Amino acid sequence: MPTLADVAREAGVSDVAASCALNAGKGSTRVSMETRERVLAAAERLRYRPNATARALSRQRANAIGFVANIANEEPNLYFLEVFNGVVRGATEAEQATCVFPLGGWEEAPKRIPALCDGRVDGLVVLAPYLEDDSTNWLPPHTPLVTIHAGMQLQGQVNVEADDEAGGFGIVRHMLELGHRHILCVGGPPHTKGADRRVEGFLRAHAETGVEVGAHHVIRTWFTVQGGREAMETWLQGHRGERLPEAIFCGNDAIAFGCMEALEARGLSVPRDISIAGFDDTLLARTLRMTTVRQPLLEMGRQAVNVLMQLIEAQRSGQTYEGPRNIVLPVEILPGRTLIAPARGAVLMIS
């Protein structure tokens, strides 16, 4: 691999002049235009590429950001992939490399995250829906950090999320407007901020419409297909001989798909016998044309990188970031084939 010294020798200039020509801007007066063009031509002939590590050390900047997420679950995490796509796009637009740092569980965060801040990246984007520790004692102050959907707002950190409560409220109000009066909520894990807010939206829609939520009609499970399938099957078994709900609001698309599997295994048809709606608008929902709440997942990832770059630049220039600490993006109700008005006069019992 050709070195800077090889380029200088080829161009007939000193190593210092070659470095100035390659690293200075076009308007720089440190070397003449004729020298700069000669050095660039020599670099092109030799196919010279600057040493990224050396350049990072000299500029004290890695030009790379890290993306931290818990992706230990065996199921494909489509939510993670959509957000990651946005992070990569944002990093590409900012001319940054992206390094992925997976965690085996959020209990590893206080130990693993500081270890990642050793100069290999300039900042971190952390996808943290299950993050429960709001302490910043373990966060290294020298590395800017932005969270996405943080389970808890980290003190002094910037978080990007979607309006979960509005999404839960909007989709359930739509169900009620269609005429559904017996709606089951299969929410995400309790004490998780996003999951709790979606359930709060479910309850608010009922309260504002004057419709009472049925007994045992709010259950919680993991944000997975398996979680949805097992929760639905358990609920059906525990309510044999009772009326089948007219509709189900699920905490995310994976839960909705799991519920559909459990229902169809019992010979029930969606949406003929029971309607269902998810939350996220992942590839799974789009493939099934599922009624869902669209989170701008790609935009959340891109926005997180944009804010991170502002934090990095503010730190380098000795300034203070003056932007918002909690950025909430709007959601959208997406109609699909899984939610229709209830059939009049039809009451199905759970067998």
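A brief structural summary. Model, not experiment: these values are computed from the prediction.

Quick look at the overall build of the protein
A tally of regular secondary structure across the protein gives 12 helices and 12 strands. Computed over its C-alpha atoms, the radius of gyration of the protein comes to 26 Å, more than 25% above the 20 Å expected for a compact globule of 351 residues. Considered along the principal axes of its C-alpha atoms, the protein spans approximately 90 × 40 × 30 Å. The burial tally for the protein puts 48% of its 351 residues in the buried class. Relative to all contacts within the protein whose residues are 6 or more apart in sequence, the contacts with residues 24 or more apart total 72%. In the form shown here, the protein has an accessible surface area of approximately 17,200 Å², with 51% of it arising from carbon and sulfur atoms. Counting 35 positive and 41 negative side-chain charges, the protein places the averaged centre of each group 6 Å from the other.

Quick notes on the sheet that holds strand E7 (residues 218-220)
Taken together, four strands build an open sheet; the order of strands is E7-E6-E8-E9 and the sheet is parallel. With partners counted over all chains shown, the strands left at the sheet margins are E7 and strand E9 (275-277), one partner each. Neighbour-to-neighbour, the strand axes of the sheet open up by a mean angle of 20 degrees, direction not taken into account. Inspection of the sheet shows strand E8 (residues 247-250) paired to E9 by three bridges, in the parallel sense. Paired with Ala 247 across the bridge in E9 is Ser 275. On the sheet, helix H9 (residues 225-238) packs against strand E6 (183-187), E7 and E8 and is oriented at approximately 140 degrees with respect to E6.

Looking at the pattern of salt bridges
Here the structure, examined in full by the defined rule, presents 21 salt bridges. The partner of Arg 204 in a salt bridge is Glu 165, and the shortest N-O contact between them spans 2.6 Å. Highlighted residues: Arg 204 in helix H8 (residues 193-209) and Glu 165 in helix H7 (residues 164-178), separated in sequence by 39 residues. With a relative accessible area of 30%, Arg 204 lands in the partly exposed category. Residue Arg 302 is joined to Glu 299 by a salt bridge in which the shortest nitrogen-to-oxygen separation is 3.4 Å. Here Glu 299 and Arg 302 lie together in helix H12 (residues 297-316), a separation of three residues that amounts to about one turn. For Glu 299, a relative accessible area of 31% corresponds to the partly exposed category.

Topic: the packing of helix H2 (residues 15-23) against helix H3 (residues 33-46)
Between two packed helices, what matters for the description is the angle formed by their axes and the separation of those axes. Contact geometry for H2 and H3: axes closest at 9 Å, N-to-C directions at 85 degrees. Our classification of the angle between H2 and H3 gives roughly perpendicular. Of H3, the residues touching H2 (which contributes Ala 18, Ala 21 and Leu 22) are Arg 36, Val 39, Leu 40 and Ala 43. Its residues assigned to classes, the contact of H2 with H3 comprises six nonpolar, no polar and one charged.

Some words on the pairing of E8
Across the two faces of E8 the burial is the same, with Ala 247 and Phe 249 and Ile 248 and Cys 250 all buried. Strand direction decides the pairing type here: E6 and E8, joined by four bridges, are parallel. By the bridge assignment for E8, Cys 185 is matched with Phe 249. Handedness of the crossover is the feature at issue here: the chain leaves E8, passes through helix H10 (residues 253-265), returns alongside E9, and the resulting connection is right-handed.

Considering the environment of Leu 284
The topology assignment puts Leu 284 in helix H11 (residues 283-288). In sequence terms Leu 284 and Asp 122 are 162 residues apart; their C-alpha atoms lie 34 Å from each other. Not counting residues within four places of it along the chain, the set of residues in contact with Leu 284 comprises Leu 78, Asp 253, Ala 254 and Phe 257.

Calculation rules
Residues numbered from 1 in each chain as written. Predicted model: local features only at pLDDT ≥ 70, side-chain atom pairs only at ≥ 80, totals over all residues. Heavy atoms only, no water. Helix = DSSP H or I, 4+ residues; strand = E, 2+ residues; numbered from the N terminus. Rg over C-alpha atoms; globule rule 2.2 N^0.38 Å. Buried < 20%, exposed > 50% of the residue type's maximum accessible area, 1.4 Å probe, protein only. Contact = heavy atoms within 4.5 Å. Areas by Shrake-Rupley, 256 points an atom, 1.4 Å probe, with all protein chains shown as cover. Lys, Arg positive; Asp, Glu negative; His and termini not counted. Charge placed at Lys NZ, Arg CZ, Asp CG, Glu CD. Pairing = 2+ DSSP bridges. Axes fitted to C-alpha atoms, helices over the stretch in contact; angles between N-to-C directions. Salt bridge = Lys/Arg side-chain N within 4 Å of Asp/Glu carboxyl O. Parallel < 35°, antiparallel > 145°, perpendicular 65-115°, else oblique. Nonpolar A, V, L, I, M, F, W, Y, C, P; charged D, E, K, R; others polar. Right-handed = clockwise from strand over helix to strand, strands pointing away.

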